[in-house]
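Architecture at a glance
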Amino acid sequence: MTPQKKATVVSSSVAAVLTLIKLAIGIASGSVAVLASAIDSVLDMFVSIFNYFAILNSEKPADKKFNYGRGKIEALALFIEGIVITISGLYLLYEAIKKAIYK
């Protein structure tokens, strides 16, 4: 297993453990902030899993369909992650502004 794959497996595992801990503490305490952090950890876990499959595919050798290999898949994965993070941030900004105006 390559170092990149190991890193994504470790990252996914840590995010999964953190998610479970944060969910348990958030539900027990009723803290919305801790539950929001748990949701963020879920997003981190999915991004790490997505990265694993992107790295797995990018390491495949060249073939008839992909004459020069699949190395660009990693760049595409980063672009998709950036879009997901941007949308999440914009949604949080929208909710914060909405709460600031109507509360």
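Residues numbered from 1 in each chain as written. Predicted model: local features only at pLDDT ≥ 70, side-chain atom pairs only at ≥ 80, totals over all residues. Heavy atoms only, no water.

Each helix and strand in the protein chain was counted, giving 3 helices and 0 strands. Listed N to C, the secondary structure of the protein chain is α-α-α in terms of helices and strands. With the C-alpha coordinates of the protein chain rotated into their principal frame, the extents come out at 60 × 30 × 15 Å. For the protein chain, with 103 residues in total, the buried portion stands at 17%. Look at the contacts in the protein chain between residues 6 or more apart in sequence, and 49% of them connect residues 24 or more apart. Measuring between centres, the 11 positive side-chain charges of the protein chain sit 4 Å from its 7 negative side-chain charges. (Helix = DSSP H or I, 4+ residues; strand = E, 2+ residues; numbered from the N terminus. Buried < 20%, exposed > 50% of the residue type's maximum accessible area, 1.4 Å probe, protein only. Contact = heavy atoms within 4.5 Å. Lys, Arg positive; Asp, Glu negative; His and termini not counted. Charge placed at Lys NZ, Arg CZ, Asp CG, Glu CD.)

A separate point is the packing of aromatic side chains. Inspection of the entire model under this criterion finds 1 aromatic pair. On the basis of an interplanar angle of 85° and a centroid distance of 5.5 Å, the ring pair of tyrosine 52 and phenylalanine 53 is categorised as edge-to-face. Tyrosine 52 gets classed as partly exposed once you look at its relative accessible area, which sits at 22%. (Phe/Tyr/Trp six-rings, centres within 6.5 Å; stacked < 30°, edge-to-face > 60°.)

Bringing the pattern of salt bridges into the picture now. Under the definition given, this model contains 2 salt bridges. Between glutamate 95 and lysine 98 there is a salt bridge, with its nearest N and O atoms 3.6 Å apart. Taken as a pair, glutamate 95 and lysine 98 lie in helix α3 (residues 72-102) at a separation of 3 residues, close to a single helical turn. Taking relative accessible area as the criterion, glutamate 95 reaches 19% and is therefore assigned buried. Taking relative accessible area as the criterion, lysine 98 reaches 32% and is therefore assigned partly exposed. (Salt bridge = Lys/Arg side-chain N within 4 Å of Asp/Glu carboxyl O.)

In a regular helix each residue adds 1.5 Å, so 27 residues correspond to 39 Å; helix α1 (residues 3-29) covers 38 Å between its end C-alpha atoms and thus fits that length. Where α1 is concerned, the buried positions are Lys5, Thr8, Ser12, Ala15, Thr19 and Gly26. Those residues of α1 that are buried lie in contact with α2 (32-58). A positive backbone phi angle near 75° is found at glycine 30, which sits one or two residues after α1. (Expected span 1.5 Å × (residues − 1).)

Here we come to the packing of α2 against α3. At a minimum axis distance of 9 Å, the contact between α2 and α3 shows a crossing angle of 165°. One element, α2, and the other, α3, form an angle in the roughly antiparallel class. At the point where α2 passes α3, the crossing takes the right-handed sense. Contacts between α2 and α3 involve Leu43, Val47, Phe50, Asn51, Ala54, Asn57 and Ser58 from the former and Ile73, Glu74, Ala77, Ile80, Glu81, Val84 and Ser88 from the latter. Across the contact of α2 with α3, the residue classes break down as 8 nonpolar, 4 polar and 2 charged. (Axes fitted to C-alpha atoms, helices over the stretch in contact; angles between N-to-C directions. Parallel < 35°, antiparallel > 145°, perpendicular 65-115°, else oblique. Left-handed = near helix turned anticlockwise from the far one by under 90°. Nonpolar A, V, L, I, M, F, W, Y, C, P; charged D, E, K, R; others polar.)

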